[in-house]
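Observations on the three-dimensional arrangement
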Amino acid sequence: MLLGGSFIVDYNYSDYNEENIDFESITEYDKEEIYLLNIQHSADIIAILSSILSYVSTIEGIELIYNKYDNNKKRVPNPDIPAVQSMQLLMLSRVMYTAISFLRYQHLYKRKINGDFNFSLEPNVNANISNILRTVGTYYALIAAIGIYNRDIAQPIIGI
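In short, a report on the structure. (Residues numbered from 1 in each chain as written. Predicted model: local features only at pLDDT ≥ 70, side-chain atom pairs only at ≥ 80, totals over all residues. Heavy atoms only, no water.)

**Observations concerning the overall build of the protein**
When you go through the protein residue by residue, the secondary structure sums to 3 helices and 2 strands. Listed N to C, the secondary structure of the protein is β-β-α-α-α in terms of helices and strands. For the protein, the residues scored as buried account for 24% of the 160 residues in total. Contacts spanning at least 24 positions in sequence make up 71% of the contacts within the protein whose residues lie at least 6 apart. A total of about 11500 Å² of accessible surface is found on the protein, and carbon and sulfur atoms cover 60% of it. (Helix = DSSP H or I, 4+ residues; strand = E, 2+ residues; numbered from the N terminus. Buried < 20%, exposed > 50% of the residue type's maximum accessible area, 1.4 Å probe, protein only. Contact = heavy atoms within 4.5 Å. Areas by Shrake-Rupley, 256 points an atom, 1.4 Å probe, with all protein chains shown as cover.)

Laid out in structure tokens, this is it:
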């Protein structure tokens, strides 16, 4: 898919169905890692779609303001709609990232208890705290976007 001169490519996992990989030998740990990375891959795509909707909202907002001063007024879409949709998708991706972070911590904690992981878990604790804070921040941003959307429907700021 082409977006703004860049390509977003869905990774072709089927490349690994070649004879050179023995799927039977993949450890349970690596299977869990692949599982989490696949979820993260989905969350990344959702976050990209969220950013695209945010971009659409920004462009529509600019058009809305310019239309206010245009003698040939035209019907302009409500920029709050893609803004709310963007925040909804961002919230979904943030929840997914947070869940992944905690699952990853649980996996590493089990490995540490078993003596298979000799590193500090502090970076993962920090990642969990970061993900919680970002998720809470995104929740409040979503509530704000919905509030602005509802306010604009009841009392349009520009009156279109």
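**A closer look at the pattern of salt bridges**
In total, this model carries 2 salt bridges according to the counting rule given. In this structure, Lys31 and Glu28 form a salt bridge, with 3.5 Å as the shortest nitrogen-oxygen distance. Here the residue Lys31 and the residue Glu28 both occupy positions in helix H1 (residues 28–68), the gap between them amounting to 3 residues, near one helical turn. Between Glu33 and Arg104 there is a salt bridge; the shortest N-O distance is 2.7 Å. Of this pair, Glu33 sits in helix H1 while Arg104 sits in helix H2 (residues 80–113), placing them 71 residues apart in sequence. Overall, Glu33 belongs to the buried group, its relative accessible area being 15%. (Salt bridge = Lys/Arg side-chain N within 4 Å of Asp/Glu carboxyl O.)

**Observations concerning H2**
Every α-helical turn comprises 3.6 residues, leaving residues that sit three or four positions apart pointing alike. Over its 34 residues, H2 extends 49 Å from the first C-alpha to the last, a length consistent with the 50 Å expected when each residue adds 1.5 Å. Immediately beyond the C-terminal end of H2, within one or two residues, lies Gly115, with a positive phi of roughly 85 degrees. (Expected span 1.5 Å × (residues − 1).)

**A look at the environment of Arg94**
In this fold, Arg94 is placed in helix H2. On the basis of relative accessible area, Arg94 is assigned to the buried category, the value being 8%. For the pair formed by Arg94 and Gly137, sequence separation is 43 residues and the distance between their alpha carbons is 9.8 Å. Contact partners of Arg94, with chain neighbours within four places excluded, come to Asn131, Arg134, Thr135 and Thr138.

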